[in-house]
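A closer look at the structure
Chain by chain, the residues run as shown.
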Amino acid sequence: MLAKINSAGLSGMDGFLVSVEVDESDGLPKSIIVGNVSASVREALDRCQVALRNAGINIPPKRLTINLAPADRRKDGTHFDLAIAAGILKSIFLDNDFSLEDYGFVGELGLDGRIRHVNGILPIVTEMKKAGLKGAVVPKTDVQEALVVSRMDILGVEDLIDLCTIIASRESFSGHPRETPMIQKSEESYDVDFSDIHGQSFSVRAALIAASGGHNLLLSGVAGSGKTMIARRIPTILPELTREENIEITKVYSIAGLLPEGSALMNRRPFRTPHHTITTPSLVGGSSPSGVVPGEIALASKGVLFLDELPLFSKSSIEALRQPLEEKKVVINRLNGSFLYPADCMLVAAMNPCPCGYYPDRNKCHCTESQIRHYQRGISKPILERIDLCVEASPVSFEEATSSKASVSSAELRNKVQKARAIQKIRFENCSHLHVNADMSAKDIEKFCPLNDESKSFIGKIFELKSLSMRTYHKVLKVARTIADLEGVADISISHLSEAVSYRGLEDHLYGAVETGVLSSGFSGTYGKVFTKVTVRNTQKTDSKVRQNKRSVSGITDLSEERCSL
C-alpha cells in the first residue's frame, strides 16, 4: 500500500513542502530512501526501524521504498523522522479511508520511541500554513512554538504510542488532546541603564541619534572610557518589538537552535557581541554539519551587533559586512542552493586609538605613529563610509565620575526614540520597504530629505572641502533627517547638517579628506596629533576658495557642541 505524509524542509529562512511517500511491497526485505537526501535523512530509516521495534511495534519483512518529493530539492536534517515513521505505519498496518493530507508531520525519533525536539519548528509550521495545510503534528516540547502560527491545529506527540493513536482512525485523531497557546509576558527587563553613565554626553547623544534612525555607530577612545558601557545600553532605548519583528527574530533563533527552552517567542531585541577571533562564516553565516546556519549578523537582526575592538577582527570578516550592511540581508550561495537570512541590525563598533589603548597619554603609550596609523587603517574607507556616526569617547574626569547629578535614563531616551520613530512611521506609511531613516535609498533621500537653498549651499561647500563620496553624502543627509525628527521639525536646517557632518571626523583623519586645523568636533584631540601631515586632496581648488569654504564651516564645532546637551 502507498502512503503519503506531508512534511517540510528548510532553505534559509524559508521552508518548502515535502511529500513523504512510503510504498510497501512483497519481495526480499529491504528498505531504501530516495529523493536527494543527506546522510542525516538517510539515517532516519535506521532510527525509525529500531524505534518501532523498541516501542513494541514489529514490522513484518517487507520491501519498503521511501521517497521524499520533490526530488530536485535537497533535504537535510532529522525533522523528517516523524513523517517517515507515520508513513511506514500507515502503509503496512492501516487500510482505511482516513486521510492525513491536511496535516504535516515534523519531529526527530529517539531509539526508545520518544519524539524529540527539532530546530526550526516556527518557520516549518509557517510554510505548512502557506501551503494550505490545516494543522501540524509536532514534538510535545515544541507545541508552544508551533502555536505561534495562528489558525493552525497543532497536535503534540510525546512518543510513538501517541503517533499510532493519531493515525489509527478519524475518531482517535479528533479525540487527541490539543493544547492552548501559553500566555507569555512581553515585558522587557534589562540589568543596565543609561543612568549608569556619567559624562560622555557627546557619545550618549550619538547613541540616541543612532537608535532613533537605525544608524550604524562607531565609538572610539582610550581604554576604559565607557565605549562598551554605552554599546550595551543601546538595546534599552530601542522601541519595543512588534509582533512581526518578534516572529522574524524567533524564526532565526529557532533555526539556529538558540531559542530559550520554554519560550515561544523572544521577548527582547537581540544584542550579539562576537569575539574578534570569529571566522567569516560564523559572522555572516555558512555551512555546518547540520546544514547552512545563520551567522551573528542574522542573529542580531532587529537588534544590535556589537563588534568590540573592531581593528582586531580579520580583514576578511570586516569586509564581508559590506553587502549585508547595505542590503539588510545575507545571501549564502552553496552548491545545493542559495540561502537567505535577514541582516537588518544596527552595527555598533568600538575601537581604541592605538594598539595598546593608551594614546595620547605618552607616559603609558609607546606606540609609534606608523603603528597607530597601521592599526587604525585596518578599517577600510568603504567600511567607514557604511558607518553613519563616528564618535570619540573622551576619558571621564574624577568630578564627572563621582558627581551626584542624575544622568539621563534609558526610559527618557527611549521616549525620545519612540517619538522620532513615530514620525518616521508616518513618513514612510506608503513605502513598505522603509521603516527607519537608515533604510532610505538615494531616490528616497531626494524625496524625504529636501534642502532649502541656504542648506544646499552649505552642504555643497562641505562636499567640496571634504571631498565627500556620494555614499558619505547620503549618510550625512540621513543622519540630519534623524536629528530633525528628534526635534520634531519637518525641514532639515544648517544646524542639523553641521551636527551630522561632525560625526564624520574619524574618516577625515584616517584618509586625508581635510587640511590640518580643519577638524570635526569629536576628534580634534586624539587623532589631530597623529595625522598632522594630512593635506587636502582637491589640489585643483584655489587657496582663496579653500579659505572661503573653511570660513563657511567654521561654526560646525560650536553648533554640534551646543546640541550635545540631552
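From a predicted model like this one, the values you see are computed outputs, not experimental measurements. (Residues numbered from 1 in each chain as written. Predicted model: local features only at pLDDT ≥ 70, side-chain atom pairs only at ≥ 80, totals over all residues. Heavy atoms only, no water.)

**Quick look at the overall build of the protein chain**
How we decide: Only DSSP runs of H or I reaching four residues or more are called helices, and only runs of E reaching two or more are called strands; each is numbered from the N terminus. For this analysis, residues touch if any pair of their heavy atoms sits within 4.5 Å. Note on areas: Shrake-Rupley, 1.4 Å probe, and residue coverage restricted to the protein chains presented here.
Regarding its fold elements, the protein chain presents 25 helices and 18 strands. Contacts in the protein chain between residues far apart in sequence, at least 24 positions, make up 74% of those at least 6 positions apart. Here the protein chain displays about 25000 Å² of accessible surface, and carbon together with sulfur accounts for 50% of that area.

**Let's talk about the confidence of the model for the protein chain**
To keep it simple, the criterion reads: Confidence of the predictor at the level of single residues is captured by pLDDT, which takes values from 0 to 100.
Taken over all residues, the pLDDT of the protein chain has a mean of 85, while the share at 70 or more is 88%. By mean pLDDT, helix α24 (residues 543-552) is the weakest element of the protein chain at 45, and strand β14 (residues 304-307) is the strongest at 96. Low pLDDT, under 50, characterises residues 513-562; the stretch is placed with 93 contacts to residues that sit more than four places away or in other chains.

**What to know about the pairing of strand β4 (residues 63-69)**
We count it as follows: Pairing between two strands requires that DSSP report at least two bridges joining them.
Here strand β2 (residues 14-25) pairs with β4 via seven bridges, running antiparallel. Counterpart to S25 in the pairing with β4 is R63. Here strand β3 (residues 30-34) runs beside β4; their pairing, made up of five bridges, is parallel. What sits directly across from K30, in β4, is R63.

**A closer look at the packing of helix α2 (residues 44-54) against helix α3 (residues 81-93)**
Stated formally: Every axis in this analysis is a line fitted to C-alpha atoms, fitted for helices over the stretch in contact. Angles between the N-to-C directions lie between 0 and 180 degrees. In these notes the angle categories are as follows: under 35 degrees is roughly parallel, over 145 is roughly antiparallel, 65 to 115 is roughly perpendicular, and the rest is oblique. Each crossing is labelled by how the near helix is turned from the far one, with a counterclockwise turn of less than a right angle marking it left-handed and a clockwise turn marking it right-handed. Only Asp, Glu, Lys and Arg are considered charged, only Ala, Val, Leu, Ile, Met, Phe, Trp, Tyr, Cys and Pro nonpolar, and every remaining residue, Gly among them, polar.
As a packed pair, α2 and α3 sit with axes 10 Å apart at the nearest point and diverge in direction by 60 degrees. Between α2 and α3, the crossing angle belongs to the class labelled oblique. By crossing handedness, the relation of α2 to α3 is classed as right-handed. Contacts from A44, L45, R47, C48 and L52 in α2 reach D81, I84, A85, I88 and L89 in α3. Per-class residue counts for the contact of α2 with α3 are eight nonpolar, no polar and two charged.

**Describing the pattern of salt bridges**
As a reminder of what qualifies: One speaks of a salt bridge when a side-chain nitrogen belonging to Lys or Arg is within 4 Å of a carboxyl oxygen belonging to Asp or Glu. Here's how the labels work: a residue is buried when its accessible area is under 20% of the maximum for its type, exposed when over 50%, partly exposed in between, all with a 1.4 Å probe on protein chains only.
Tallied over the entire structure, the rule returns 23 salt bridges. R322 is the salt-bridge partner of E319, the closest N and O atoms lying 2.5 Å from each other. Looking at R322, the relative accessible area reads 30%, which means it is partly exposed. Residues joined in a network through salt bridges with shared partners are E326, K381, E385, R386 and R471.

**With respect to the sheet that holds strand β11 (residues 271-272)**
Pairing in this open sheet of five strands is parallel, and the strands run β11-β14-β17-β10-β18 from one edge to the other. Edge strands, defined here as strands with exactly one partner in the open sheet, are β11 and β18 (389-392). Strands in contact with helix α8 (residues 201-213) are β10 (217-220), β17 (346-351) and β18; relative to β18, the strand with the most contacts, it is inclined by about 165 degrees.

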